[in-house]
Amino acid sequence: MLTSHLDVPHEGRTFRRGAPGYEERRRATMWNARVPDRYPEVIVQARTERDVVAAVKLARREGLRIGVRSGGHSWAGNHLRDGGLLLDVSGLDEVTIDRKARRATTGPGRAGNELAEMLGRHSLFFPTGHCKGVCVGGYLLQGGFGWHGRALGPACMSVIGLDLVTADGERVYASAEENADLYWAARGSGPGFFCVVTRFHLRVYEKPEVTGFAFQSFPMSRMEDVFRWARAVGPSVPASVELQLVMTRNATGVGGPGIEVFAPVFAGTARETFDALAFMNESALGPSAALKADFIPATLPLLYSAVMHHYPDDHRYAVDNMWTHAPIDDLLPGLRKIAETLPPPPSHVLWLNWAPPPDRPDMAFSVEDDIYIALYAGWRREKDDDLYASWAGDRMREMQPLASGCQLADENLGKRPARFVTSENLARLDRIRGDRDPKHSFHAWMGRP
Ligand SMILES: Cc1cc2nc3c(=O)[nH]c(=O)nc-3n(C[C@H](O)[C@H](O)[C@H](O)COP(=O)(O)OP(=O)(O)OC[C@H]3O[C@@H](n4cnc5c(N)ncnc54)[C@H](O)[C@@H]3O)c2cc1C
């Protein structure tokens, strides 16, 4: 329903709760088929920055708190809150590329895999997320684990500026030099950011010459050996390799419960690739793998396809996660229980060897650790919610004493509050919010007022 009396200019579209089209739009804002029973008063679909300004002003006039949605891949549906105005900026998806300067700009509604493809045509690269359809809006604000992310850092480190609409409805540019408080906050505050991003300005990189992966898989009976090995080699794995262990009830090459060891690599030459993957090929576990491939060359689209079979559309998902540096003997009891209770595919567990360098730029993003463990429950039927919806949160709650925090990529804060930035940075975020959004015009993280 187009409501012209609202001060939302030309191309923006507005749907009031109860009006025709509202529920269809509300549901369509979610990628997760488990759409929460939370109902904004108004949904505005913005097409331009002017629409965004008008929507923010509309929210102020009507006293509506704002939730923002770019690609709708928040597992928890963070943008869907009761009451308030839901501002859908998925229509802001323009990309510009400056090959010579190695710079790009992108609207928040552009999917990372599409951005990667556009950059690739210019032999350029950006650490976009691992899954198709995840949009840069939410991805960059929460940090961003992307391809080649161990070498390039969380993707937010490659954001050099942002075009924003503030809680006053003012358009501002934020960078290290201008509105530096907002620039600091935008790199890591994720679903608690208190402006609307209408454009990201990015540093982009030369495309790595060689991309591909090594692969091994093992039956679940080898679980303990595989995790011991991964924990031991983790700190020495070259930054050009993202070592991932995926536990599933249908591991490739096993045909049943097991662990896939997937090691994507991004390198300049064949020699570098070979050296980087030596830890896999020399692993004492290798000869007993159910399936083993020393190196499979793969383009980025192929890597995306490989990952996506763990994340089919039209499923109901519930996720949770933890950062840890705990010794493997402490982690194993929790991992065993996870394995015993793991729901059927596409549910799975991700162990990501992150091992970050000690120095990072000053930004809100501030909690990371050697290992990232994320649990993804995925199922089809609503009637199975009782069986699977609490699995990830329950297992992570049990392992909480071993966690140093959680990552906003797979947050479950509404159900299980956890530390996602340092307490110093949380206090600083609260101060900046107090200055920039004193009336709390934007929703904060779920589970927190
Ligand atoms: C299948 C799948 C795979 C994933 N893979 C990865 C991965 O490989 N690496 C990784 O790091 N993460 C990954 N994620 C997590 C994902 O990056 C986050 O959920 C991210 O928030 C999604 O961004 P979005 O724009 O699509 O989502 P949205 O749901 O639209 O955004 C999430 C939140 O960010 C805020 N936000 C979004 N856009 C704006 C904006 N323009 N202005 C202000 N605030 C905004 C809002 O609070 C919003 O609720 C994955 C998620 C899914 C569902």
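Not measured: the values here are computed from a predicted model.

1. Comments concerning the sheet that holds strand β6 (residues 103–106)
No. 1: Pairing is antiparallel across the open sheet formed by 5 strands, whose spatial order is β5-β6-β10-β8-β9. Sheet topology places β5 (95–98) and β9 (171–175) at the edges, where each strand pairs with a single neighbour. For this sheet, the mean angle separating the axes of adjacent strands, direction not counted, is 15°.
No. 2: Relative to strand β10 (residues 196–203), β6 is paired through 4 bridges, and the arrangement is antiparallel. Residue Thr105 lies in a different strand from β10, and its bridge partner there is His201.

2. Considerations on the sheet that holds strand β4 (residues 85–88)
No. 1: The strand order across the open sheet built from 4 strands is β1-β2-β4-β3, with neighbouring strands paired in mixed fashion. In this open sheet, the two strands that pair with only one neighbour each are β1 (13–16) and β3 (66–69). Ignoring which end each strand starts from, the neighbouring axes of this sheet average 20° apart.
No. 2: The pairing of β1 with strand β2 (residues 42–45) spans 4 bridges and is classified as antiparallel. Among the inter-strand pairings, Arg16 is bridged to a residue of β2, identified as Val42.
No. 3: Across the sheet, helix α2 (residues 49–62) touches β1, β2, β3 and β4, and the angle it forms with β4 is around 175°.

3. A closer look at the domain arrangement of the chain
No. 1: Taken domain by domain, the chain holds domain 1 (13–88), domain 2 (95–207) and domain 3 (210–410).
No. 2: Contacts between domain 1 and domain 2 engage 13 residues on the former and 18 residues on the latter.
No. 3: Summing the contributions of domain 1 and of domain 2, the shared interface buries around 1200 Å²; its carbon and sulfur component is 61%.
No. 4: Its largest share of buried area at the contact with domain 2, domain 1 owes to Glu49, Ser70 and His73, together 41% of the area lost on that side.
No. 5: Among the salt bridges present, the one from Glu49 reaches Arg171, with a minimum N-O distance of 3.5 Å.
No. 6: Here the side of domain 1 that touches domain 2 takes 7 residues from α2, the largest share from any one element.
No. 7: Taken together, the residues that form the side of domain 1 that touches domain 2 break down as 5 nonpolar, 4 polar and 4 charged.

4. Describing the site of the ligand
No. 1: If you check the shell around the ligand, you find 31 residues, and the closest are Ser70, Gly72, Asn78, His130 and Phe145.
No. 2: Interatomic distance of 2.7 Å between a side-chain N/O atom of Asn78 and an oxygen atom of the ligand.
No. 3: Mapped onto the shell around the ligand, the elements with two or more residues apiece are β3, α4 (136–141) and β10.
No. 4: Per element, the largest residue contribution to the shell around the ligand is 4 residues, and it comes from α4.

5. Section: the pairing of β4
No. 1: Because side chains alternate across β4, one face comprises the buried residues Leu85 and Leu87, and the other comprises Leu86 and Asp88, equally buried.
No. 2: Alignment of β2 against β4, held across 4 bridges, turns out to be parallel. By the bridge assignment, Gln45 is partnered in β4 with Asp88.
No. 3: Bridging between β3 and β4 involves 4 bridges; their strand directions are parallel. The residue of β4 that forms the bridge with Gly67 is Leu86.

6. Remarks on the state of the cysteines
No. 1: Using the criterion set out here, one finds 0 disulfides in the structure.
No. 2: Unpaired in this structure, Cys135 has its nearest cysteine sulfur neighbour in Cys131, at a distance of 13 Å.
No. 3: By relative accessible area, which is 10% here, Cys135 ends up buried.
No. 4: Looking at the unpaired Cys156, the closest cysteine sulfur is the one in Cys406, lying at 15 Å.
No. 5: The buried category is assigned to Cys156, whose relative accessible area is 0%.

7. Notes on the pattern of salt bridges
No. 1: For the coordinates displayed, the defined rule picks out 30 salt bridges.
No. 2: A salt bridge links Arg110 to Asp93; the nearest nitrogen and oxygen atoms lie 3.8 Å apart. In this pair, Arg110 is assigned in the loop between β6 and α3 (112–120) and Asp93 in the loop between β4 and β5, connecting sequence segments 17 residues apart.
No. 3: Residues joined by salt bridges that share partners form a network here, namely Glu49, Asp163, Arg171 and Arg199.

8. Quick word on the UniProt feature "domain: FAD-binding PCMH-type" (unreviewed entry) in the chain
No. 1: Under the UniProt annotation, the feature "domain: FAD-binding PCMH-type" (unreviewed entry) is placed at residues 36–207.
No. 2: For residues 36–207, helix accounts for 23% and strand for 26%, while the C-alpha atoms at its two ends are 39 Å apart.

9. Overview of the pairing of β10
No. 1: Counting buried residues along β10, 6 of its 8 residues qualify, which places the element largely inside the surrounding structure.
No. 2: Across 6 bridges, strand β8 (residues 159–165) lies against β10 in antiparallel orientation. Considered in β10, the bridge of Leu162 is made with Phe200.

10. Let's talk about unusual backbone geometry
No. 1: That bond from Pro345 to Pro346 is cis: its omega, 10°, falls within 30 degrees of zero.
No. 2: Following the sequence through the fold, Pro346 ends up in the loop between α11 (328–341) and β17 (348–353).
No. 3: Here His148, not a glycine, exhibits a phi torsion of approximately 65°, which is positive.
No. 4: Here His148 lies in the loop between α4 and α5 (149–152).
No. 5: Classification of His148 by relative accessible area gives buried; the value is 12%.
No. 6: The phi dihedral of His440 falls on the positive side, at around 55°, and the residue is not glycine.

Here is what the cut-offs are and how they apply
- Residues numbered from 1 in each chain as written.
- Predicted model: local features only at pLDDT ≥ 70, side-chain atom pairs only at ≥ 80, totals over all residues.
- Heavy atoms only, no water.
- Pairing = 2+ DSSP bridges.
- Helix = DSSP H or I, 4+ residues; strand = E, 2+ residues; numbered from the N terminus.
- Axes fitted to C-alpha atoms, helices over the stretch in contact; angles between N-to-C directions.
- Contact = heavy atoms within 4.5 Å.
- Domains from an automatic or database assignment.
- Buried area = accessible area lost by both parts, 1.4 Å probe.
- Salt bridge = Lys/Arg side-chain N within 4 Å of Asp/Glu carboxyl O.
- Nonpolar A, V, L, I, M, F, W, Y, C, P; charged D, E, K, R; others polar.
- Near = heavy atom within 4 Å.
- Polar contact = N/O pair within 3.5 Å; in protein donor to acceptor, adjacent residues only side chain to side chain.
- Buried < 20%, exposed > 50% of the residue type's maximum accessible area, 1.4 Å probe, protein only.
- Disulfide = S-S within 2.5 Å.
- UniProt positions renumbered as here; feature names shortened; annotations may be inferred.

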